[in-house]
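Observations on the model geometry
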Amino acid sequence: MTSNASRFTEDTVFVTGAGAGIGRAIAERCAAEGATVVVTDVDTEGGEETVARIEDAGGDAAFHELDVTDREAFGAVVETTAERHGLDAIVNNAGIAPDNAFVEDVDADTLERVLDVNVRGVWNGCQAALPVFKEQGSGAIVNISSLGGILGLPKQGPYTLSKGAVLNFTRTVAAEAGYHGVRANAVCPGFVETQMGEAHFEHADDPAAARERMEREYPLQRLGYPEEVASAVAFLASDDASYVTGHGLVVDGGYSVS
Ligand code: NAI
């Protein structure tokens, strides 16, 4: 890991969906750089494990169980965080990707659930953090979109609908909140090695062959690691990105330009 130990000293970074995968890597990266990290997730066991890993590494973290679709609960946890620790950055990472069907075959419940978690969850996070950030005249929002936010991906209709929304909504937040010293950016990862990534191959007749085919489609000839998304997020959340706002940072091993 790149050492940049002081980048978040005295900062508090709030991460949703931090009990696994990319969210855990973001939490660990920010803690390694000096942040107090507020780890949130619906999965208590995963969230507590993230906190334990951070503490074992000498970092500082606290866990709050939080379903990002619950607007009231989100507001309450953000308020408590701001009172207890202050709040310098929020990473709206929690997301789901259950799609594997053509648009005409997606049922209403699946669509609703994806939009609820991926879109409403990001909305709730921004809505909860913005008053705090605006009042203090500073703050960074990083929303996790996806390649699915900029490319068409067959059999991922609800997911691409949600991630496109996240990307463009982030631009609106940047345009509104910049006047108050608040930045908002998105990260658009390509395929990343997490539970979510693995689940994608389960539908294939030959998962190993499907994975190999996908790896070959990437100019860098491999899939991404959660830590590689985390370093992009840490950049955008930090003062290193003090003049970057409204941006969608693509972290995809070159897939989208090949
Ligand atoms: P993951 O499935 O490995 O982890 C997601 C975490 O979010 C889990 O801990 C889960 O409990 C939590 N979560 C799910 N629903 C939640 C809710 N309603 N409230 C709070 N927490 C909730 O997923 P992964 O791969 O780490 O993905 C993280 C983000 O990155 C997602 O937004 C995903 O769409 C995005 N992404 C992932 C890619 C990949 O290939 N893995 C590629 C591009 C974007």
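Use the structure listed above.
None of these values were measured; they are calculated from a predicted model. (Residues numbered from 1 in each chain as written. Predicted model: local features only at pLDDT ≥ 70, side-chain atom pairs only at ≥ 80, totals over all residues. Heavy atoms only, no water.)

With respect to the overall build of the chain
- When its secondary structure is counted, the chain shows eight helices and seven strands.
- What you see for the chain is a C-alpha radius of gyration of 17 Å, in line with the 18 Å of a compact globule of 258 residues.
- Overall, the C-alpha framework of the chain stretches about 50 × 35 × 35 Å when taken along its three principal axes.
- Long-range contacts, defined as pairs at least 24 residues apart, comprise 70% of the intrachain contacts of the chain with a sequence gap of at least 6.
- As displayed, the chain offers around 12,300 Å² of accessible surface, 48% of which is attributable to carbon and sulfur atoms.
- Computed over 17 positive and 41 negative side-chain charges, the inter-centroid distance for the chain is 5 Å. (Helix = DSSP H or I, 4+ residues; strand = E, 2+ residues; numbered from the N terminus. Rg over C-alpha atoms; globule rule 2.2 N^0.38 Å. Contact = heavy atoms within 4.5 Å. Areas by Shrake-Rupley, 256 points an atom, 1.4 Å probe, with all protein chains shown as cover. Lys, Arg positive; Asp, Glu negative; His and termini not counted. Charge placed at Lys NZ, Arg CZ, Asp CG, Glu CD.)

A few points about a negative patch on the surface
- On the surface, a cluster of negative charge is made up of D43, E45, E48 and E65.
- Structurally, E48 is set in helix 2 (residues 44-56). (Patch = residues over 30% accessible without salt bridge, like charges linked within 9 Å, V, L, I, M, F, W, Y side chains within 5 Å. Salt bridge = Lys/Arg side-chain N within 4 Å of Asp/Glu carboxyl O.)

Quick notes on the nonpolar core
- Counting residues in hydrophobic clusters, the biggest one holds 31 residues, and the most contacted among them are V13, I26, V37, V39, V91, V142 and V233.
- Counting only elements with at least two residues in this core, the list comes to strand 1 (12-15), helix 1 (21-32), strand 2 (36-41), helix 2, strand 3 (60-65), strand 4 (89-92), strand 5 (139-144) and helix 8 (226-237).
- In contact with V91, other than residues within four places in its own chain, are V13, F14, V15, T16, I26, V142, I144 and V233.
- By size, the runner-up hydrophobic cluster in this structure holds 24 residues, among which are F14, V77, F133 and A174. (Core = buried A, V, L, I, M, F, W, Y, C linked by side-chain atoms within 4.5 Å. Buried < 20%, exposed > 50% of the residue type's maximum accessible area, 1.4 Å probe, protein only.)

Things to note about the pattern of salt bridges
- If you walk through the whole model with that rule in mind, you get 11 salt bridges.
- Between R7 and E33 there is a salt bridge; the shortest N-O distance is 2.6 Å. Residue R7 is located in the segment before strand 1, and its partner E33 is located in the loop between helix 1 and strand 2; the two are separated by 26 residues in the primary sequence.
- Overall, the relative accessible area of 1% leaves E33 in the buried class.
- A salt bridge links E212 to R216; the nearest nitrogen and oxygen atoms lie 3.4 Å apart. Residue E212 and its partner R216 are both found in helix 7 (residues 207-217); the two are separated by four residues, about one turn of the helix.
- Three or more residues are tied together by salt bridges with common partners; here these are R7, R29, E33 and D240.

Description of helix 8
- Taking 1.5 Å of rise per residue, the 12 residues of helix 8 would be expected to cover 16 Å, and the 16 Å separating its terminal C-alpha atoms lies within 8% of that figure.
- Considered for burial, the residues of helix 8 that qualify are P226, V229, A230, A232, V233, A234, L236 and A237.
- Tucked into the core, helix 8 has its buried residues touching helix 1, strand 4, strand 5, strand 6 (182-189) and strand 7 (248-251). (Expected span 1.5 Å × (residues − 1).)

Let's talk about the environment of D60
- Along the chain, D60 turns up in strand 3.
- Spatially, the C-alpha atoms of D60 and A97 are 30 Å apart, while their sequence positions differ by 37 residues.
- The contact partners of D60, leaving out residues within four places of it in the chain, are A35, T36, V37 and I54.
- Polar side-chain contacts of D60 include one of 3.1 Å to the side chain of T36. (Polar contact = N/O pair within 3.5 Å; in protein donor to acceptor, adjacent residues only side chain to side chain.)

A word on the sheet that holds strand 2
- Here we have seven strands laid out as an open sheet, ordered 3-2-1-4-5-6-7, and parallel in their pairing. Either end of the sheet is taken by a strand with one partner, and the two such strands are strand 3 and strand 7. For this sheet, the mean angle separating the axes of adjacent strands, direction not counted, is 20°.
- When strand 4 meets strand 5, the two strands line up parallel, connected through four bridges. Residue pairing across strands places V91 opposite V142, the latter belonging to strand 5.
- Along the sheet, helix 2 contacts strand 2 and strand 3; its crossing angle with strand 3, the most-contacted strand, is approximately 175°. (Pairing = 2+ DSSP bridges. Axes fitted to C-alpha atoms, helices over the stretch in contact; angles between N-to-C directions.)

Here we look at the site of the ligand
- Taken together, 29 residues sit near the ligand, with D41, N93, Y159, V192 and T194 positioned nearest.
- A distance of 2.6 Å is found between an oxygen atom of the ligand and a side-chain nitrogen or oxygen belonging to D41.
- In the environment of the ligand, an oxygen atom lies 2.7 Å from a nitrogen or oxygen atom belonging to the backbone of N93.
- Considered on its own, the ligand offers 830 Å² of accessible surface; in the complex 92% of this is hidden by protein.
- The set of elements that each furnish at least two residues to the shell around the ligand consists of helix 1, helix 5 (157-177) and helix 6 (195-202). (Near = heavy atom within 4 Å.)

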